Amino acid sequence: VDAGDAEVPLAAPLPDHSAALLAGSVPSAHALAVAAIRELFEETGLTLGRSGAWPLPPEGWHGFAARGLVPDASGLRLIFRAITPPGRPRRFDARFFLADAGALAGDPDDFSAAADELSHLHWIALAEVRRLDLPFITEVVLAEVAALLAGQPQPGVPFFDNSGTRPTFRRLTA
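**Q** Could you give an account of helix H5 (residues 136-149), with specific residues and numbers?
**A** When the terminal C-alpha atoms of H5 are compared, their 20 Å separation across 14 residues agrees well with the 20 Å that a helix rising 1.5 Å per residue should span. Among the residues making up H5, those that are buried are Val141, Leu142, Glu144, Val145, Ala147 and Leu148. Two residues or fewer past H5, glycine 151 is found with a positive phi of approximately 75 degrees.

Here's what the structure looks like:
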């Protein structure tokens, strides 16, 4: 989450269920949704947005605004939260969102506006990507995605909490 994310206007907010799960969070549910949309755009060039005009696009949003779009969080669904264990060089308190590719504004196969941070961007079938050598937390999140897509959702949203001295696993509920 960047410092200005909380000030970026949304064409539509997070769905009520995801917003309720993030109620009281720091950063705010709004800032987390904006950050997810911004990171998706920065890293892939893909946009979750609706037609609209900005009075003055904030830093980092000029490319998004140039497409005539305002960010739209209505297609995001909170599916996971994880805090990186202590002792790692970089720690994160990450929230993972799922969005249907049909909610994208534009061609989901057009990665031409992606930043240079990533290369060779392309879609990979879920079954195929799960056979790759992935970090543990990525495998766990993808297992949750697979269960959701198979119509086998678990109650609440999984949360791997490594913020204290003992790792804990629980489910967030609204």
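**Q** Hey, could you go over the nonpolar core for me, with residue numbers and the actual values?
**A** Core analysis: the biggest nonpolar cluster contains 28 residues, and Leu14 and Leu76 have the highest contact counts within it. If you list the elements that add at least two residues to this core, you get helix H2 (29-44), helix H3 (62-66), strand S2 (69-71), strand S3 (76-83) and strand S5 (157-161). The element best represented in this core is H2, accounting for six residues. Not counting residues up to four positions away in its chain, the partners in contact with leucine 76 are Leu14, Pro15, Ser18, Ala33, Ala36, Ile37, Leu48, Phe97, Leu98 and Ala99. Ile79, Ala82, Val145 and Phe160 belong to the second-largest nonpolar core, a separate cluster that totals seven residues.

**Q** How would you summarise the packing of aromatic side chains if you had to cite specific residues and measurements?
**A** Going through the model one piece at a time under the given rule, you end up with eight aromatic pairs. Geometrically, the ring pair formed by tryptophan 61 and phenylalanine 64 is edge-to-face, given 5.1 Å between the ring centres and 75 degrees between the ring planes. Note on accessibility: tryptophan 61 and phenylalanine 64 belong to one class, buried. The interplanar angle of 65 degrees and the centroid separation of 5.0 Å between the aromatic rings of phenylalanine 160 and phenylalanine 169 together place this pair among those described as edge-to-face. For phenylalanine 160, a relative accessible area of 18% translates into the label buried. Residue phenylalanine 169 is classed as partly exposed on the basis of its relative accessible area, which comes to 44%. Pairwise contacts between aromatic rings join Phe80, Phe96, Phe136, Phe160 and Phe169 into one cluster.

Rules and cut-offs
- Residues numbered from 1 in each chain as written.
- Predicted model: local features only at pLDDT ≥ 70, side-chain atom pairs only at ≥ 80, totals over all residues.
- Heavy atoms only, no water.
- Helix = DSSP H or I, 4+ residues; strand = E, 2+ residues; numbered from the N terminus.
- Expected span 1.5 Å × (residues − 1).
- Buried < 20%, exposed > 50% of the residue type's maximum accessible area, 1.4 Å probe, protein only.
- Core = buried A, V, L, I, M, F, W, Y, C linked by side-chain atoms within 4.5 Å.
- Contact = heavy atoms within 4.5 Å.
- Phe/Tyr/Trp six-rings, centres within 6.5 Å; stacked < 30°, edge-to-face > 60°.

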